[in-house]
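These are the residues of each chain, in order.
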Amino acid sequence: MARRNRADDNVTILTSSTDFHRASRSRASSSNDAAPILTSSVDLSTSSLELSIQTRIFKIIVIGDSNVGKTCLTFRFTGGSFPDKTEATIGVDFREKAVEIEGETIKVQVWDTAGQERFRKSMVEHYYRNVHAVVFVYDVTKMASFRNLQTWIEECNGHRVSASVPRVLVGNKCDLMDHIQVPSNMALKFADAHNMLLFETSAKDPRESQNVDSIFMSLACRLKAQKSLLYRDVEREDGRVRLTQATETKSNCPC
Ligand SMILES: Nc1nc2c(ncn2[C@@H]2O[C@H](COP(=O)(O)OP(=O)(O)OP(=O)(O)O)[C@@H](O)[C@H]2O)c(=O)[nH]1
Ligand SMILES: [Mg+2]
């Protein structure tokens, strides 16, 4: 297994997930029109509204060939289990999970995208708009899915995703040890060349559950640190030098 990040006690998963299931095209479109993304809450009582406004949401998209296990990985992270049965994703499925990082509650909104061209073509613009982080997935038992990563990266770059948007590489289905076609060193070399962390894991194997969590938690930690810096810069530009707690103290985030 290659490099792995593990979440520790600083990172708490607060709630079980919200699984929005298959989104209609119109819904996916409208949910991504505004930045920042609003929560899905329909309870408009004052307290829940305040909570929604205060909670930051990080949009993370999961990209890769059909059948590599994107749906199963996102399901494992947000729902804590391996789905009995999956069908090819059409358009996008949204899944969401609230986590606590260094005292701040953050919503990780995972966009489980379709790998099949016919199910994704009208959605591609929406996937990449206002994205905060990208997870590229391949199947360790299928060399073609690894070779196709180059195409997925080109698609991502073609949609003006900034170089500052963190990206990670995930080799899934490591439980199928007798069928591995993509050696770890080859994947690590590719990840290094593209400035990505590599995770080799299995959505299916329950012992890998924490490692699957670490994929998303490492990104959330990095985003939290990045966004804190951005806030500081904006405040300086405005001439208001009022550092937030996040920028005054050195981050002890495990990721
Ligand atoms: N052995 C094993 N099978 C897996 C794993 N993850 C997913 N699968 C299986 O791989 C198949 C495809 O999984 P999905 O998660 O639906 O794949 P996908 O990438 O979402 O596919 P699209 O929605 O078409 O893009 C299913 O039969 C899963 O049960 C894994 O870690 N190990
Ligand atoms: Mg899917």
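Scroll up to find the structure.
Quick caveat, the model's predicted, so the values are computed rather than measured.

Trainee: Summarise the coordination of the magnesium ion (ligand 2); cite the residues concerned and give the values.
Mentor: Only Thr 71 (OG1) and Thr 89 (OG1) from the protein reach the magnesium ion (ligand 2) as donors, at distances of 2.0 to 2.1 Å. Pair noted here: Thr 71 is in helix 3 (residues 70-79) and Thr 89 is in the loop between helix 3 and strand 4 (92-101), with a separation of 18 residues, a long-range link. The pair Thr 71 / Thr 89 is uniform in exposure class, with both members buried.

Trainee: Quick one: what's the story with the nonpolar core, residue by residue and with numbers?
Mentor: Grouped together as the largest cluster of nonpolar side chains are 32 residues, with contacts concentrated most on Tyr 127, Phe 136, Tyr 138 and Leu 169. Of all the elements in the fold, those that place two or more residues in this core are strand 3 (56-64), strand 4, helix 5 (124-128), strand 6 (133-139), helix 6 (143-147), helix 7 (149-158) and helix 8 (184-193). Ranked by the residues each element gives to this core, the list is headed by helix 7, at four residues. With residues near it in sequence (within four places) discarded, Leu 169 still touches Phe 136, Tyr 138, Leu 149, Ala 187, Phe 190, Ala 191, Met 196, Leu 197, Leu 198 and Phe 199.

Trainee: Describe the packing of aromatic side chains, listing the residues and the values that go with them.
Mentor: Evaluated as defined, the whole model comprises four aromatic pairs. Aromatic side chains Phe 94 and Trp 111 sit 4.6 Å apart centroid to centroid with 85 degrees between the ring planes, which places their arrangement in the edge-to-face category. Highlighted residues: Phe 94 in strand 4 and Trp 111 in strand 5 (residues 104-113), separated in sequence by 17 residues. Comparing Phe 94 with Trp 111 shows no difference in burial state: the two are buried. Put simply, the rings of Tyr 138, Phe 146 and Phe 190 pair up and form one aromatic cluster. If you follow Lys 59 out to its NZ or CZ, it ends over the ring of Trp 111, 3.8 Å from the centre. Cation over ring: Lys 97 sits above Phe 77, and NZ or CZ is 4.5 Å from the ring centre.

Trainee: Tell me about the state of the cysteines, residues and numbers included.
Mentor: Enumeration according to the criterion identifies zero disulfides in this entry. Not engaged in a disulfide, the cysteine Cys 72 finds its nearest cysteine sulfur in Cys 174; these two sulfurs lie 14 Å apart. Looking at Cys 72, the relative accessible area reads 10%, which means it is buried.

Trainee: Any chance you could break down the pairing of strand 5 for me, citing the residues and the numbers?
Mentor: Within a regular strand, side chains alternate between the sheet's two faces. Most of strand 5 is tucked away: eight of the ten residues are buried. Across seven bridges, strand 3 lies against strand 5 in parallel orientation. Note on strand 5: the bridge partner recorded for Ile 61 is Trp 111. One ladder, built from ten bridges, connects strand 4 with strand 5; its direction is antiparallel. Each residue of the ladder has a partner; that of Asp 93, found in strand 5, is Asp 112.

Trainee: Quick rundown of the environment of Phe 199? Include the residues and the values.
Mentor: Here Phe 199 is to be found in strand 8 (residues 197-200). On the accessibility criterion, Phe 199 (1% relative accessible area) is buried. Considered as a pair, Phe 199 and Asp 175 are 24 residues apart in the sequence and their alpha carbons are 14 Å apart.

Trainee: Would you mind going over helix 3 in detail, with residue names and values included?
Mentor: Taken across its ten residues, helix 3 has eight buried, putting it largely inside the fold. Among all positions in helix 3, only Lys 70, Thr 71, Cys 72, Leu 73, Thr 74, Arg 76, Phe 77 and Thr 78 are buried. Following helix 3 by one or two positions, Gly 80 has its phi on the positive side, about 75 degrees.

Trainee: Please provide a residue-by-residue account of unusual backbone geometry, values included.
Mentor: The phi dihedral of Asn 130 is positive, around 60 degrees, even though this residue is not glycine. For Lys 173, which is not glycine, the phi dihedral falls at a positive 75 degrees. Take Lys 173: it is sitting in the loop between strand 7 (167-172) and helix 8.

Trainee: So what's going on with the environment of Ser 145? Which residues, and what values?
Mentor: In this structure, Ser 145 sits in helix 6. With a relative accessible area of 3%, Ser 145 lands in the buried category. Sequence separation between Ser 145 and Gly 171 is 26 residues; the distance between their C-alpha atoms is 9.7 Å. In this structure Ser 145 touches Asp 65, Val 68, Tyr 138 and Asp 139, once residues within four positions along its chain are discounted. A distance of 2.8 Å separates the side chain of Ser 145 from the backbone nitrogen of Asp 139, its partner in a polar contact.

The rules behind these values
Residues numbered from 1 in each chain as written. Chains lettered and ligands numbered in written order. Predicted model: local features only at pLDDT ≥ 70, side-chain atom pairs only at ≥ 80, totals over all residues. Heavy atoms only, no water. Donors = N, O, S within 2.8 Å, 3.2 Å for Na, K, Ca; no water. Helix = DSSP H or I, 4+ residues; strand = E, 2+ residues; numbered from the N terminus. Buried < 20%, exposed > 50% of the residue type's maximum accessible area, 1.4 Å probe, protein only. Core = buried A, V, L, I, M, F, W, Y, C linked by side-chain atoms within 4.5 Å. Contact = heavy atoms within 4.5 Å. Phe/Tyr/Trp six-rings, centres within 6.5 Å; stacked < 30°, edge-to-face > 60°. Lys NZ or Arg CZ within 6 Å of the ring centre and 35° of its normal. Disulfide = S-S within 2.5 Å. Pairing = 2+ DSSP bridges. Polar contact = N/O pair within 3.5 Å; in protein donor to acceptor, adjacent residues only side chain to side chain.

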